[in-house]
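# Structural overview for review
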Amino acid sequence: MNKPWMAAGLAAVLLPGLVMAQGQGKVIEEIVARVNNDIITRADFEKAQSSMRDEVKQDCPSCPASQVEDTIKQHEKDVLRDLIDQSLLVQRAKDMDITVETELIKRLDQIRQQNNLPSLEALQKAVDSAGVPWEDYKRVIRNKLLTQEVIHREVGSRIAIDHASINKYYEDHKSDFNRPEQIFLSEILVSAQGKGPDEIPALEKKAGDYLARLKKGEDFAELARRYSDGPTGKDGGDLGVYQVGQLSKQLEDVVFKMNRGDLTDVIRTKSGFEIFRVNEHYQAGLQPLEKVANEIANKLFMERMEPELRSYLAELREQSYLVIKPGYVDSAAVAGNTVIAETQPTPDSKQKSPKKSKKGK
């Protein structure tokens, strides 16, 4: 089978695992892995490790330190795997001629609005001032959008959950749907934190304008992604499910009298001005199938998505050429990929051809 890396030639692929300054012996960067003609550097690997740690801590800010460390250790083994996955998916997107430039501009504009910045130029200045090159910042977001689109087209679109599967799951797990009264909420927040009294009327008017747009039929999740100042904005405003006693009395008295699809008026909270949408209202007792059908479909979809995605990524690995530096592990490696025993060049000496030992990782 012809493989895409062959076009570049073996010499371009099997360079030593250090990028050297032209004509010098100075080490610029260590290469951890090659994925076809792309490389993953040690800096990439360490940034991914740091991001993973930050995400684990943010996901559970009240968790004990020991639990956080255990979760970090569980995820550490997959850091290189995830970087290789992304590289394979981005390359696949290029093969499929997928472009996401329009979506990239929309996403940058969402970030701009969530940070109350007046323009994309202001966002660029803020990113640059944080020490992140603007093009690198855009590349990270672009790659995420590309991988999401490939997964949607190549994996998600092939997963179909039929009514028979939903019905069977419901009948087999009826006890799971015997619940207390619950309500599933989403929000759009116009933040008033750090604002002066003279700015409050304009913020309230902004929230009122959003409510008017929602009443005219605009999609709540899309509006939340674009305009909400809350941390839930990126998830379409999804707040999750609540029981009686878990919300403030002010909000509970309103939303537990509402039905699916209802919108609150603009509500003043300590965070600012908020609009809430009731996505679902579950009465106490056994929930009827029609109430939980979407929930079951989503659960079954996600249960199938992970193994289907891993199978798809295994196929991409089999069709690709991977080179992993000794000491690093791709936890999703397939037989036939390569580990290179590399000779580190010494300063001011000719680079020697690396000794190659091919073995299953």
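Above this text is the structure in question.
Residues numbered from 1 in each chain as written. Predicted model: local features only at pLDDT ≥ 70, side-chain atom pairs only at ≥ 80, totals over all residues. Heavy atoms only, no water.

### Quick look at the environment of Leu300
In plain terms, the rule: By the criteria applied, helices consist of DSSP H or I runs no shorter than four residues and strands consist of E runs no shorter than two, each listed in order from the N terminus. Classification of residues uses two cut-offs on accessible area relative to the type maximum, computed with a 1.4 Å probe and protein chains only: under 20% is buried, over 50% is exposed, and between them is partly exposed.
Looking at the secondary structure, you find Leu300 in helix 12 (residues 289–318). Its relative accessible area of 13% is what places Leu300 among the buried residues. Taking the C-alpha atoms as reference, Leu300 lies 8.7 Å from Tyr169; in sequence the two are 131 residues apart.

### Side note on helix 8 (residues 163–172)
Heads up, the condition is: Working definition: the arc comes from the directions between the helix axis and the C-beta atoms, pointing outward to the latter. Note on contacts: a residue pair qualifies if any of its non-hydrogen atoms lie within 4.5 Å across the two residues.
Every buried residue belonging to helix 8 is among Ile166, Tyr169 and Tyr170, and all of these are buried. Buried residues of helix 8, seen end-on, are gathered within an arc of 100° and therefore sit on one face of the element. Opposite the buried face of helix 8, by more than 90 degrees, sit the exposed residues Ala164 and Lys168. Looking at the buried residues of helix 8, the elements they touch are strand 9 (285–286) and helix 12.

### Some remarks on the side chain of His281
Here is the rule: Residues adjacent in sequence count toward polar contacts only when both atoms are side-chain atoms; beyond that, a polar contact is any pair of N or O atoms within 3.5 Å, and within protein one must be able to donate a hydrogen and the other to accept it.
Structurally, His281 is set in strand 8 (residues 272–282). Looking at His281, the relative accessible area reads 4%, which means it is buried. Polar side-chain contacts of His281 include one of 2.7 Å to the side chain of Glu181. A polar atom in the side chain of His281 sits 2.6 Å from the backbone oxygen of Met258. Apart from the residues within four sequence positions on either side, His281 is in contact with Glu181, Gln182, Ile183, Val255, Phe256, Met258 and Lys291.

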